[in-house]
Amino acid sequence: MGKKLPWMLLTPGLVLLVLFLALPLARIFLPTIFDGQLSFDHYINFFQDEYNMRIFVRTLKISVIAALISIVLGVPTAYFISRCGKAWKSILMALSMFPLLTNPVVRSFAWIVILGRTGVINTFLTSTGILQQPLTLLYTEFSILVGTIYLFLPIMIITLVGVMENIETDIVEAAETLGANKLIAFVKVILPLSVPGIIVGSVLVFTGSLTAYTTPQLLGGNRNMMMSTFIYQRAMSVGDWTGASVIAAIMVVTTFIVMKGMNKVAEKLDRREGQDA
Amino acid sequence: MSFVNLTDICVSYDGKTNVLDQLNIAMEKGELVSLLGPSGCGKTTTLRVIAGLIDTVGGKLMVDGRDMTKIPVHKRNFGMVFQSYALFPHLTVFENVAFGLKLRKLDKSTIEARIKEVLEITDLTPYGNRYPKQLSGGQRQRVALSRALVIQPKLLLLDEPLSNLDAKLRVNMRTEIKSIQKKLGITTVFVTHDQEECFSISDKVAVMNGGEIEQYDTPENIYNRPRTEFVARFIGFENFIPLTKTSDNHYLAENGNAFQVVKQGDEEGTLATIRPSDIKITPTNGESRNNEIQGQVLVRTFLGNSYQYDVETSLGKMVATGPCDKVHQSGEKVTLYLPEQKIVLV
Amino acid sequence: MRKNIGLTIISGLVFAFLFIPLLIIVITSFGEGSTITFPISGFTLKWYQNVFQSETFTASFKVSFQISMIATVLALLVGIPAAYALSRHSVRGKKLIKGFFLSPTVVPGIVVGYSLFQFLVISLRIPVFQGLLFGHFLISLPYAIRVIGSSLEQFDFSVEEVAWTLGCSKIKAFFKIVLPNITSGIFASFMLAFINSFNNIPVSMFLSGPGVRTLPTAILNYMEYYYDPTVSAVSVLLMIGTIVLMLLIEKTIGLSSVSK
């Protein structure tokens, strides 16, 4: 009985996954490389097209910048939270979680209200006479970037707080007794020990930005497409199903490469650092 | 003026109750002073006040003639060794030890020379390139010590540095710490709850209880002449007998037994106590002389180099130990003799 | 704790950045004007009225709720035994299987949505509601496996074995001993999966159809044609829902158990 039971319990899940994940994915990806014979032409063509590349590069660019800015904003905030007393910490953590549990439509919509031609910023600038004409802030790479950072910053914060909390307080105190003021202690002790968390957070932000749909759709529109909105457009507006599949495959492979790459980096650092046994 | 002076130090965590209340203690240069006591007695708090990691609500800290009370931690130049060692996991042994020196903007060759020197003293020379997680507990402890010593601090503060080591290592390390301390002549404050460890290496011991110092004296004096009941109990005295004074050096117990006591100083206390090992236990002799109590053996326990007897007497239960060659049986009627020079009044 | 003023300011600004936009939405939901303006003129609740009276929104809410509920329950029904099998027994290739179960989170939502669209809608022509169900089940399953899996990691299985020695059958022991002790894990995964499914857009978008769409999809649709505070009102209602759920989680198992 011992050998059989676990498999009986796993089978329903495995079958359903194969049916609804593996199979559908295979069905859309296989045709892109197998057209009677193995060929990567679809992909070569994709990368040779200037229009396609612009979208691909834009997606990568925004994802990288979003990750970097999230680090810059997230690290001090997470450090602040990790040094708070119990009561404040749970309040701030709850506040950080709230955006994550709120619908992405709502979160992106907020920036339409702020960045639109009749939005908060433009209303303020024109009504106070600073500008005559409203700025075009929406449907730009800038608006996508802001929306993306807005979307993923909480994840970075929460990830970092977890890591920083694990750094024992007496390590910081030891640094202080040796002559480090609070800033130096942060830069020379907390920051290096937070690097694994920074890496994890960055991967989450980067891959999230790479694959998110709602935010680029609402804040970028069809003028500034990202890979995800590109897929939708190819599939539903243009009806180019193979094209959509190719983009999807590139997205999946890119995500996979980044995640694996980051894992390797994290492993390397782990060998150097690590906690006391 | 002593080298270190804590005057009327008050510490409170919640603004209502004082964890330390009007604490006063003075230490001389080059001394190894221990703060001894059970958990919660305030010894670690006192150490952290000296380090600057805890703010005081009142009082003053003077070190080498300078008022350190308001000076922030990183400017005090006191080396501290934490109970968990608090080594930087992302730095090698060398880099850990160099940390404080680099902050003092010393040049590379000075740093390397000093590190080499201190690693020799603590016997860590071959481990410079290892990371903390590759070291044993004893080695980590020595790295923590090296890191604190290399900055040539005015004070060395040790917070239960040996608690996490196994018994044998603890004994070895404490002698090492003492010899390094003596060699460098560094004034050291040592916090521990282990009485034997404390007594073996300290010049002076402060026995603490509930945020106050019960007795501050050399280990020998504390061992032989505890001043308060708490200290006596802490260091192994038992058999507490309330007495009333009849005349100089003469006392009476509740059951009428008379006691003669040789006082060392001017103790006012009337609670007599004596170590189990100082009581002479003999088969009952039927007489009733001074400093004697009659009783009956309840339980006998074998301690290895002696026997311990729980004896029921008219003054309550008393504990005495006797040699292995003169064994007394359970139920035997015995006489307990308390030599007058061994009785301590607290 | 002596804290840096600079640090406090930066953190304050970050939290302002995170919450002021949401605050703006709340405010705009009460404006009189027929388009969204800020600041608002007047005060009205008519946009909220609009939402509750709207066939589109109420119907899509019902759809979302039903889909997410059923999908989450299904995910638990399939996921609990699977998680149990993975942590209780040493199965060959355990790591691989667990990775496989968690893979829907690694595949981008838009790709999942698109592949299911091709498979369920185009090829199999499955009715919309069922299609949505399968899709949401797929994205909920990893939550069941991961959260319940970690609950089980912390579970001391010797309690189960004691039950066996006392004469309890394995199935009975599972229901009487194991399940009651992982209720917090089950609840946590239920909440996380439900919220994730309710908020999902890529999968819902591809699988929604005329008459049967989820609430997020309906809102997106609405936004293509109208720019009035109805959207703000719906957003506020969704935010209130999130707060209620968060309070529920905090009161029962504590929010700390769901933050990764």
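Reading guide: rules and limits
Residues numbered from 1 in each chain as written. Chains lettered and ligands numbered in written order. Predicted model: local features only at pLDDT ≥ 70, side-chain atom pairs only at ≥ 80, totals over all residues. Helix = DSSP H or I, 4+ residues; strand = E, 2+ residues; numbered from the N terminus. Expected span 1.5 Å × (residues − 1). Bend = angle between axes of the 7 residues up to and from the residue. Pairing = 2+ DSSP bridges. Contact = placed C-beta atoms within 7 Å. Domains from an automatic or database assignment. Nonpolar A, V, L, I, M, F, W, Y, C, P; charged D, E, K, R; others polar. Axes fitted to C-alpha atoms, helices over the stretch in contact; angles between N-to-C directions. Core = buried A, V, L, I, M, F, W, Y, C linked by C-beta atoms within 7 Å. Buried ≥ 20, exposed ≤ 12 C-beta atoms within 10 Å, placed from the backbone. pLDDT = per-residue confidence, 0-100. Parallel < 35°, antiparallel > 145°, perpendicular 65-115°, else oblique. Left-handed = near helix turned anticlockwise from the far one by under 90°.

Asker: Tell me about helix α3 (residues 55-88) of chain C, residues and numbers included.
Answerer: Here α3 of chain C contains 34 residues, and its C-alpha end-to-end distance of 48 Å stays within 8% of the 50 Å for a straight helix at 1.5 Å per residue. By the largest-angle criterion, Gly79 of chain C marks the main kink of α3 of chain C, which is about 30°, and a proline, Pro81 of chain C, follows within four residues.

Asker: Residues and numbers for the pairing of strand β11 (residues 238-247) of chain B, please.
Answerer: Residues and elements named next belong to chain B. Here three bridges tie β11 to strand β14 (residues 271-274), and the two strands are oriented antiparallel to one another. Paired with Ile241 across the two strands is Ala272, which belongs to β14. Bridging between β11 and strand β12 (residues 250-253) involves four bridges; their strand directions are antiparallel. Of the residues in β12, the one forming a bridge with Lys245 is Tyr251.

Asker: Lay out the arrangement of the chains with the relevant residues and their values.
Answerer: Most contacts, compared over the two pairs of chains touching, are made between chains A and C. In this view chain B stays clear of chain C, with the nearest C-alpha atoms of the two still 10 Å from each other.

Asker: Before we move on, can you summarise the domain arrangement of chain C with the specific residues and values?
Answerer: Interface size is often expressed as the accessible area that is lost when the parts come together. Residues and elements named next belong to chain C. The domain boundaries assigned to chain C delineate domain 1 (1-44) and domain 2 (53-257). Its C-alpha centre places domain 1 at a distance of 31 Å from the equivalent point of domain 2. Its residues assigned to classes, the side of domain 1 that touches domain 2 comprises four nonpolar, five polar and no charged.

Asker: So, the sheet that holds strand β20 (residues 344-345) of chain B: which residues are in play, and what are the values?
Answerer: Residues and elements named next belong to chain B. Taken in spatial order, the five strands make up an open sheet running β13-β12-β11-β14-β20, and their pairing is antiparallel. Because the sheet does not close on itself, it has two edges, and the strands there are β13 (258-260) and β20. Inspection of the sheet shows β14 paired to β20 by two bridges, in the antiparallel sense. Of the residues in β20, the one forming a bridge with Ala272 is Leu345.

Asker: Just give me the short version of the interface of chain A and chain C, but keep the residues and values in it.
Answerer: Facing the 57 residues of chain A at the interface are 61 residues of chain C. The greatest single-element share of the side of chain A that touches chain C, amounting to 14 residues, is contributed by helix α1 (residues 4-33) of chain A. In terms of residue class, the side of chain A that touches chain C is built from 43 nonpolar, 11 polar and three charged.

Asker: Tell me what's going on with the sheet that holds strand β18 (residues 316-322) of chain B, and back it up with residues and numbers.
Answerer: Strands belonging to one sheet form pairs held by backbone hydrogen bonds; the direction of such a pair is parallel or antiparallel. All names here are of chain B. On the basis of which strands lie adjacent, the open sheet formed by five strands has the order β15-β19-β16-β17-β18 and antiparallel pairing. Because the sheet does not close on itself, it has two edges, and the strands there are β15 (280-283) and β18. Averaged over all pairs of adjacent strands, the angle between their axes in this sheet comes to 45°, without regard to strand direction. The pairing of β15 with strand β19 (residues 333-337) spans four bridges and is antiparallel. Residue pairing for β19: Lys280 is matched across the bridge by Tyr337.

Asker: Pulling in residues and values, what's your account of the nonpolar core?
Answerer: In summary, soluble globular proteins display a tendency toward joint burial of nonpolar side chains. Grouped together as the largest cluster of nonpolar side chains are 244 residues, with contacts concentrated most on Val113 and Ile231 of chain A, Leu157 of chain B together with Tyr114 and Ala144 of chain C. If one sorts the elements of this core by residue count, helix α7 (residues 141-165) of chain A sits on top with 16 residues. Apart from the residues within four sequence positions on either side, Ala144 of chain C is in contact with Ala75, Leu76, Gly79, Ile80, Ala83, Ser189 and Ala193 of chain C.

Asker: Residue-level account of the interface of chain A and chain B, with values.
Answerer: Counting from both sides, the interface comprises 22 residues of chain A and, opposite them, 22 residues of chain B. Every element with two or more residues in the side of chain A that touches chain B is listed here: α8 (169-177) and α9 (182-211) of chain A. With seven residues, α8 of chain A is the single largest residue contributor to the side of chain A that touches chain B.

Asker: Quick one: what's the story with the confidence of the model for chain B, residue by residue and with numbers?
Answerer: Considering every residue of chain B, the mean pLDDT works out to 90; 100% of them sit at 70 or more. Here β13 of chain B stands out as the least confident element of chain B, with mean pLDDT 84; strand β3 (residues 32-36) of chain B is the most confident, with 96.

Asker: Provide a residue-level description of helix α2 (residues 93-103) of chain B, including the pertinent values.
Answerer: Within α2 of chain B, eight of the 11 residues are buried, which leaves it mostly tucked inside the rest of the structure. Among all positions in α2 of chain B, only Val93, Phe94, Asn96, Val97, Ala98, Phe99, Gly100 and Leu101 of chain B are buried. The elements touched by buried residues of α2 of chain B are α8 of chain A together with α3 (108-121) and α4 (137-149) of chain B. Looking at the residues trailing α2 of chain B, positive phi occurs at Lys105 of chain B, about 55°.

Asker: Please give an account of unusual backbone geometry that cites residues and values.
Answerer: In this structure, Pro39 of chain C follows Phe38 of chain C across a cis peptide bond, with omega equal to 5°. Look at Asp8 of chain B: it is not a glycine, yet its phi comes out positive at around 50°. Of note, Asp8 of chain B is situated in strand β1 (residues 4-12). Residue classification places Asp8 of chain B among the partly exposed positions, given that 13 C-beta atoms sit within 10 Å. In this model, Tyr85 of chain B sits at a positive phi of 75°, which is unusual for a non-glycine residue. Here Tyr85 of chain B lies in the loop between β6 (78-81) and α2. Look at Tyr85 of chain B and you get buried, because 24 C-beta atoms sit within 10 Å.

Asker: Outline the pairing of strand β17 (residues 307-313) of chain B, listing residues and values.
Answerer: Residue and element names in this part refer to chain B. As judged from the seven bridges shared by strand β16 (residues 292-302) and β17, these two strands associate in the antiparallel manner. Along β17, the bridge assignment pairs Phe302 with Tyr307. A loop of four residues connects β16 with β17, the two strands running antiparallel in sequence, and Gly304 in this loop sits at a positive phi of about 105°. Here β17 pairs with β18 via seven bridges, running antiparallel.

Asker: How would you summarise the confidence of the model for chain C if you had to cite specific residues and measurements?
Answerer: Per-chain confidence: chain C averages 88 in pLDDT, with 97% of residues scoring 70 or above. Reported for the predicted complex are a pTM of 0.83 and an ipTM of 0.86.

Asker: Break down the packing of helix α3 (residues 50-82) of chain A against α7 of chain A for me, citing the residues and quoting the values.
Answerer: Residues and elements named next belong to chain A. Their axes nearest at 6 Å, the elements α3 and α7 cross at an angle of 40°. Regarding the angle of α3 to α7, the classification is oblique. As α3 packs across α7, the resulting crossing turns out to be right-handed. Here the residues of the contact of α3 with α7 sort into 20 nonpolar, five polar and three charged.

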